[in-house]
Amino acid sequence: MMATGSKVTREWFPPAAEGAQTAPLMLYNSFVDEKVPFVPAAGPTSKQITWYACGPTVYDVAHMGHARNYLSFDIVRRVLEDYFGYNCLMVMNVTDVDDKIILRARRNFLLAQYKSSGKSAEEVKEFTIEAIQAGIAKQQKKVAEMEAMVAKDSTEAEAEPDEKKRSFALRKVADLQEAVKGEALKGRQAAEALAAVQALGAAGSSADAEALLAVGSDYVAEALDKALGANVTDPTVFRAHAAKYEREFLEDMDALGCRRPDVLTRVSEYIPEIIEYVTRIIGNGMAYASNGSVYFDTQNFRSCGHTYGKLNPWAVGSAALAAEGESNFETSEKRSPQDFALWKAAKPGEPAWESPWGVGRPGWHIECSAMASSIIGSRLDIHTGGEDLRFPHHDNELAQAEAYYHHDGCKQWVNYFLHCGHLHIEGLKMSKSLKNFVTIREALASFNARQLRLMFCLQPWNKTMMYGEQSRTEMKVREAQLRNFFGNVDAAIRNSSVNTNEQRWTTEDFDLNNRILATQAAVDAALRDNINTPAVMDALSDLIKAVNKYLADKSEPGAARALLLRKAAAFVTRILSVFGIVDGPSDRLGFTEMSSSAASSDAAAARYLDALAAFRDEVRGLAKAKAAAAELVAAVGRLREGVLGGMGVKVELAASGDRSSWSAADPANRPGATSTSYIDTVVAFADQVQALASSSAAPGEVLAACDQLRDSTLVDMGVRLEDRPDGKAVWKLDDPATMREEIAARAAAAASAARKKLEGAVERKAKELEKLEGLAALPSIQEALADKYSKFDEASGEPTHDKEGNALEGKAKDKARKDYEKAAKVREPLSKKLAEDPAALDKMKAEVEELRQQLAALGTA
RNA sequence: GGGUCUCUAGCUCAGUGGUAGAGCAGCUGACUGCAGAUCAGCAGGUCUCGAGUUCGAUCCUCGAGGGGCCCUCCA
C-alpha cells in the first residue's frame, strides 16, 4: 500500500464523557447507622475487596437464626461479586475453642465412656438417681443463695444514694429474680426426670441402661464431669466435638447454596498468631498480664488516642457501671471493669496452650482480630456478623486491632461493618435458649433451598426478618409466579418460532422493550440502595405482569416476538441467578458441557409432546362439539399414520382390547428415553380414545380421559399441561413431586373452602357491625365538643362560641373547624351508611345472624 | 433505669410539608366443559395520642403512650 498525500477525514463524534460516573453503591454501615457510599480500600476504581465474616461457634447444630446471617450475607456477597463485579476475598472463622464447646465435649466424652464401661442396669440406675438428686440439691442450694442475694441486694440497692448506681442495682435485682424463676423451672424438670427414672425400674421388667440414660443423661453427664472432668486432658476430645459440628455446619451451608469462604480460619490452628498478637498489644502498652491471664487496657487504649465502643458507644458507660456493681470486682484481676480478657489462664479439664504468660487459651474477642489481620491485614473493606455481636464482641475486636496496629497509625481497622437483622418467629427472636428454633435441616425438610433463599430475598438483609406463615405464603406466591412465567414464556417462544414469523416490531413490542429497560434501571437502583432485594423482586414482578399482558395482547399465533420474550426472561433469570435462586455460572467449576446435567435434555422429545398435546386438543375439540364416534376414530388414524408415521414411529395395532406397540421406522435412529416415554403415552392414549369411540362413549367420558391424561399420567412424567381458552394446550416441564404437592394442597383447600369462606364472611360482617355500633354509641359531635365549645352553628354544626361563651374568631375559629371536621370524619362511615338506608344497622344484624345460622347448619352436616 | 430505634390498610412494609401507596390476605368480575394460567375491578386508613410551628402537618418541634433492640452469652 502506498502512502499518498490524500488524507481521508474520518468522521466520528465521541460520546460525551461528562457525568460518566455512575451512582454509588450505598451500604448501611453500623459505624454511623446510615447508608454511605461503598468505596474499596484499594481505591475507588478498584475491584479488589476483602471481607471477614464472623463465623459459627461449632458447639451444636445450626438453626435458621444462624442461616439468617450466612444466607443473607451470601446474597449480599453474590450481588457484590456477580452484579457489581468485585473480586472478593472472603475469610470466615470457625470458633472451635470456646466455653460451650469445652463443656459439651467433655460431658459427651465422659458420658460415652460411662456407657461403654459395661455397667449393669442396677448400677446405672443407682448412679442416675444419685446424679439427679445431686442436681436437685444443687438447684435448691442455688435458688436459696439467689433468694438470699435478692434480699440482700434489694436492701442495698434501696440504700444506694447515687441515683444511677441505684437504678443499676435495682435492675440487677430484677434480673436475679428472673433467674430464680429459671432455676426453679430447672428444679421441676429434674424432679420429673427423677420420677421417670424411678418408674423405669419399678415397672417390673428390668430397666435397661439405655433407657435410663436417655432420661437422665444431662444429670449423669454433669455428675461425671464434676467427678472426672478435670482429668480430661486429651485435646482431641474437644477438637472432635468441634469438628463434628463444623462439618455439619458446612454441609448445611452447602445445602443452602451458600458460597464457601475463600479462607477458613480455625482458632485452634491460629494459636501462635494469637499469642503474637497479644504480645504486641502488651508491647504497645494497651494490655497487661495479670495472674496468668492477659487483659485489654481500655483506659490506656483511650489515652493513646483511640475510641472505644465505636459501634455502640452508648453501651460502654452502662456496661462499665453494671460491671462495677459486680460484688467481686475488688478481687478481680482487671484494672478497670471495662477491660476484657485477651488470654485466659488454664483451668483443669480445658484445652490449653503454652504462652509467655503460662498455660492458657485465647479470650473470645481476640481470635477474630488476630485471624483477620493474619490473612487480610490492617484494613478490611467489610466485616459482617449478627447484630447481637455489635457490643461487646465487635467493638472489642476493633479495639484490639487498632491497638495491634497502633504504630501503623491505624484508627480504622474496618471500613464497613454490616450487621444483619435477627430472624423472628412468632414475634420472638429465634434462639437456642428460647427453644423456639428450627434447625436448618428441619427447614430444608419443609422447603427446598431455592424457596428459603427466595424467602430471604423478599426481606431486607439489615432488618429483622419474619419467619412465619405470612412470609411462607408470600414466598410461595412469588415462586409460583416465577415458575409460571418461565413456563409461559418458554411455551410462547416455542409457538412463535423466529424462522416462520414476522419479526418487525409493533407498538406492543416497543412498549414491552421499554418495560424491560425500565425494569433494568429499577433493579440497578434497588441494588445500589443497600442491596434492597425485596425492591428488586418487586421490579421483576412488575416486568412479569407486563409480559403476561403482552402475551394476552398477542394471543394470535406467531404475534409474540420470541426474541423479545427471551430478552425479558433472560434478564429475570440473570438477576435470580445473581441471588442464587437459580443456578448461576459461577456455581459450577470448569467447562459447562462437561457437567452431567447438560446432556440430560432430550431435544427431540419436544416434538412428541407437541404431537400428544395437539392430538389431545383435537379429541377435546371433537368431544366438546359432540362429534360422531367416527370422527374420533379418524383422528386416531391421522395421528398413527400421519403424525407419528411422519416422525418415524411405526405403530403396530393390537388385537382388540390389547395395547398397541410401536417401533422406530429407522432402527439406527431410536428415540431417547424421554421421547420413548412420550411416545408410549401418546400411543396408549390413542388406544384409549379409539376404545371409547368404538363403545360410543358419551363426550363427557372422552373429556374425562383427557383430564386424566393431564392431571395424572403427565404429572407423573413431569409434564404440566394447561388448557388455554382457545382450545390449545401448552406444556411445561416441571418436577412431578412439586406438581403432586400442589394438587394435594388444592384438594385440601377446596375441601374446607366453603366453611372457611363462610367463617370469613361472618367475621368480617360482625366486625363491620361492631365498628358501626361503636360509632352509633358515640355522643353527638356537639356533645363530644361541649367541654370546649358552648354554641354551634345551626346549619353547618360547627362551633361558633367557646366555653366561656365568647364568639370564635380567627385562629380559634379555624381550630374549632378542625375539631369539628375531625369528629365528623370519625362518624362518617355511620352517617353514610344511614343515609343510604336508615335501617342499615338492623339489616346488618339480621345478615350476621343469617350467616351464623348457615355456618351452624354446615357444622352439623 | 439508661440508651436507641420504631408506631401508616387484617399482615409485612414503601412514602411525601399540599388529607396516602405496594405486596400478601379478603371480596367481585372476565375467560372457562373441569383443572390451571392470566387479566380487570372493589373494599379496607382519626398515617398511636396531645400540644406547637405553618396558609396547610402523616411528614418538622416538644410532650404522652405502645412496641422492638442494646447495656451479659448469642448469628
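If you're wondering where the values come from, they're calculated on a predicted model, not measured in any experiment.

Cut-offs applied
Residues numbered from 1 in each chain as written. Chains lettered and ligands numbered in written order. Predicted model: local features only at pLDDT ≥ 70, side-chain atom pairs only at ≥ 80, totals over all residues. Heavy atoms only, no water. Helix = DSSP H or I, 4+ residues; strand = E, 2+ residues; numbered from the N terminus. Rg over C-alpha atoms; globule rule 2.2 N^0.38 Å. Buried < 20%, exposed > 50% of the residue type's maximum accessible area, 1.4 Å probe, protein only. Contact = heavy atoms within 4.5 Å. Areas by Shrake-Rupley, 256 points an atom, 1.4 Å probe, with all protein chains shown as cover. Lys, Arg positive; Asp, Glu negative; His and termini not counted. Charge placed at Lys NZ, Arg CZ, Asp CG, Glu CD. UniProt positions renumbered as here; feature names shortened; annotations may be inferred. Phe/Tyr/Trp six-rings, centres within 6.5 Å; stacked < 30°, edge-to-face > 60°. Lys NZ or Arg CZ within 6 Å of the ring centre and 35° of its normal. Near = heavy atom within 4 Å. Polar contact = N/O pair within 3.5 Å; in protein donor to acceptor, adjacent residues only side chain to side chain. Nonpolar A, V, L, I, M, F, W, Y, C, P; charged D, E, K, R; others polar. Domains from an automatic or database assignment. Axes fitted to C-alpha atoms, helices over the stretch in contact; angles between N-to-C directions. Parallel < 35°, antiparallel > 145°, perpendicular 65-115°, else oblique. Pairing = 2+ DSSP bridges. Right-handed = clockwise from strand over helix to strand, strands pointing away.

Notes on the overall build of chain A
- Of regular secondary structure, chain A possesses 25 helices and 20 strands.
- For 861 residues, the compact-globule estimate of 2.2 N^0.38 gives 29 Å, and the C-alpha radius of gyration of chain A, at 37 Å, exceeds that figure by more than 25%.
- Reported as C-alpha extents along the three principal axes, the dimensions of chain A are approximately 110 × 100 × 95 Å.
- Counting every position in chain A, which comprises 861 residues, the buried fraction comes to 43%.
- For chain A, long-range pairs separated by at least 24 residues make up 74% of all intrachain contacts whose partners lie at least 6 apart in sequence.
- With the model as given, the accessible surface of chain A reaches about 45,300 Å², and the carbon-plus-sulfur share is 54%.
- Distance between charge centroids for chain A: 2 Å, based on 107 positive and 122 negative side chains.

Let's talk about the UniProt feature "domain: Cysteinyl-tRNA synthetase class Ia DALR" (unreviewed entry) in chain A
- With numbering matched to this structure, UniProt assigns "domain: Cysteinyl-tRNA synthetase class Ia DALR" (unreviewed entry) to residues 523–581.
- The span residues 523–581 is 76% helix and 0% strand, and its two end C-alpha atoms sit 16 Å from each other.

Notes on the packing of aromatic side chains
- Applying the stated rule across the entire model yields 18 aromatic pairs.
- Ring centres of W505 and F510 lie 5.0 Å apart, and the angle between their planes is 85°; this geometry places the pair in the edge-to-face category.
- Since its relative accessible area comes to 33%, W505 is described here as partly exposed.
- An aromatic cluster of at least three residues, connected via ring pairs, comprises F296, F301, Y308 and F340.
- Positioned above the aromatic ring of Y86, the side-chain terminus of K47 is 4.6 Å from the ring centre.
- We note R607 situated over the ring of Y608; from NZ or CZ to the ring centre the distance is 5.4 Å.

Structural notes on the protein's contact with RNA strand B
- For RNA strand B, the set of nearby residues contains 52 residues, the closest of which are H66, W364, G386, D707 and K771.
- Each atom of RNA strand B within 4 Å of the protein was assigned to sugar, phosphate or base; sugar and phosphate come to 58%.
- Interatomic distance of 3.2 Å between a backbone N/O atom of L423 and a base nitrogen of RNA strand B.
- Between RNA strand B and E722, the relevant distance is 3.4 Å, taken from a sugar or linking oxygen to a side-chain nitrogen or oxygen of the residue.
- When residues in the surface near RNA strand B are grouped by element, the largest group, seven residues, is from helix 14 (residues 469–495).
- A class-by-class count of the residues in the surface near RNA strand B yields 14 nonpolar, 14 polar and 24 charged.

Observations concerning the domain arrangement of chain A
- You can read the domains of chain A as domain 1 (29–99 + 257–454), domain 2 (100–246), domain 3 (468–579), domain 4 (601–734) and domain 5 (745–858).
- The gap between the C-alpha centroids of domain 4 and domain 5 is 62 Å.

A closer look at the packing of helix 13 (residues 449–457) against helix 16 (residues 533–553)
- With their axes 8 Å apart at the nearest point, helix 13 and helix 16 run at an angle of 105° to one another. Between helix 13 and helix 16, the angle falls in the class roughly perpendicular. Touching L454, F456 and C457 of helix 13 are T533, P534 and M537, all from helix 16.
- For the contact of helix 13 with helix 16, a count of residues per class yields five nonpolar, one polar and no charged.

A few points about the sheet that holds strand 10 (residues 380–386)
- Within the open sheet, the five strands sit side by side as 5-4-3-10-11. Their pairing is parallel. The open sheet has two edge strands, strand 5 (263–266) and strand 11 (414–420), and neither has a second partner. The mean inter-strand angle of the sheet, taken between neighbouring strand axes irrespective of direction, is 20°.
- Contacts from helix 10 (residues 366–375) reach strand 3 (48–53), strand 4 (87–94), strand 5 and strand 10, with the element oriented near 145° to strand 4.

A look at the pairing of strand 3
- When you tally the buried positions in strand 3, you get five out of six residues, the bulk of the element.
- In this sheet, strand 4 lies alongside strand 3 in parallel orientation, the contact comprising six bridges. If you follow A53 over to strand 4, its bridge partner there is M92.
- Read from strand 3 through helix 1 (residues 64–83) to strand 4, the crossover connection turns out right-handed.
- When strand 3 meets strand 10, the two strands line up parallel, connected through three bridges. Bridging across to strand 10, A53 finds its partner in T384.

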